[in-house]
Structure formats: C-alpha cells, structure tokens
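Geometric and topological summary
One-letter residues, chain by chain:
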Amino acid sequence: MSGDAAPVIIFIASFYAFGFVLVYALARAWEQALSARHRREFAHVRPSANARGRRVRALRDRSSRTM
C-alpha cells in the first residue's frame, strides 16, 4: 500500500511547489509593475538633485550663450 502512495505524494508536493512558485512570480511581477507606475506618476514631484543641477547648469549655459 505505501508503495502506491509515494507517486501520489510526490505529485501533490510538486503541484503545491509549482503553485507556490507561480504565485510568487506573479506577485513579484505585480509589485514591479506597480512600482514602475508609481515612479512614472510621481516623477515630477521630487526630481533628484542631479537632475536639478543639470537643469540649472543648462539654463546658465543657455543664458551665457545669448550674451
């Protein structure tokens, strides 16, 4: 009897392992999609210091060329 149960137990364990990996992969993809959307929506709110510095330098360069 126990020899007949081993393949069934292995199948059920692999089925649950596959389900767990699938749920984990979907959760990671969902989290990454939401974080990318969040970054895209709020990109204008707080630009990084480097981006601000580049903008200021570009404005200075542009104004010095016109003089």
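Described below are features of the structure shown in this document.

Criteria and thresholds
Within every chain, residues take consecutive numbers counted from 1 along the sequence as written. With the structure being a predicted model, the display of local features is reserved for residues of pLDDT at least 70 and the display and counting of side-chain atom pairs for 80 or more, all residues being used for whole-chain, interface and lining totals. No hydrogens and no water enter the side-chain calculation; it runs on all heavy atoms of the structure. Every helix listed is a DSSP run of H or I at least four residues long, and every strand listed is a run of E at least two residues long, numbered separately from the N terminus. Partly exposed residues are those whose accessible area sits between 20% and 50% of the maximum for their type, while under 20% is buried and over 50% is exposed, using a 1.4 Å probe and protein chains only. Areas reported as accessible are Shrake-Rupley estimates using a 1.4 Å probe. Residue values count occlusion only from the protein chains shown. The patch calculation keeps residues exceeding 30% relative accessible area without a salt bridge and links them within 9 Å when they carry like charges or within 5 Å when they are nonpolar (Val, Leu, Ile, Met, Phe, Trp, Tyr). Put simply, a salt bridge is a Lys or Arg side-chain nitrogen that is within 4 Å of an Asp or Glu carboxyl oxygen. Any pair of Phe, Tyr and Trp rings, taking the six-membered ring for Trp, is counted once the centres come within 6.5 Å. Such a pair is stacked with planes under 30 degrees apart, edge-to-face with planes over 60 apart, and tilted for the rest.

**Considerations on the overall build of the chain**
The helix and strand inventory of the chain stands at two helices and zero strands. Buried positions account for 1% of the 67 residues belonging to the chain. Here the chain has roughly 6600 Å² of accessible surface; of this, 66% comes from carbon and sulfur atoms.

**Details of a nonpolar patch on the surface**
On the surface, Val8, Phe11, Ile12, Phe15 and Tyr16 cluster together to form a nonpolar patch covering roughly 580 Å² of accessible area. Relative to the helices and strands, tyrosine 16 resides in helix H1 (residues 2–41).

**Some points on the packing of aromatic side chains**
In this structure the tally under the stated criterion is two aromatic pairs. Between phenylalanine 11 and phenylalanine 15 the ring centres are 6.2 Å apart and the planes differ by 25°, which places this aromatic pair in the stacked class. Of this pair, phenylalanine 11 and phenylalanine 15 are both found in helix H1, four residues apart, which corresponds to roughly one turn of the helix. For the residue pair phenylalanine 11 and phenylalanine 15, the accessibility class agrees, reading exposed in each case. Aromatic rings pair up to connect Phe11, Phe15 and Tyr16 into one cluster.

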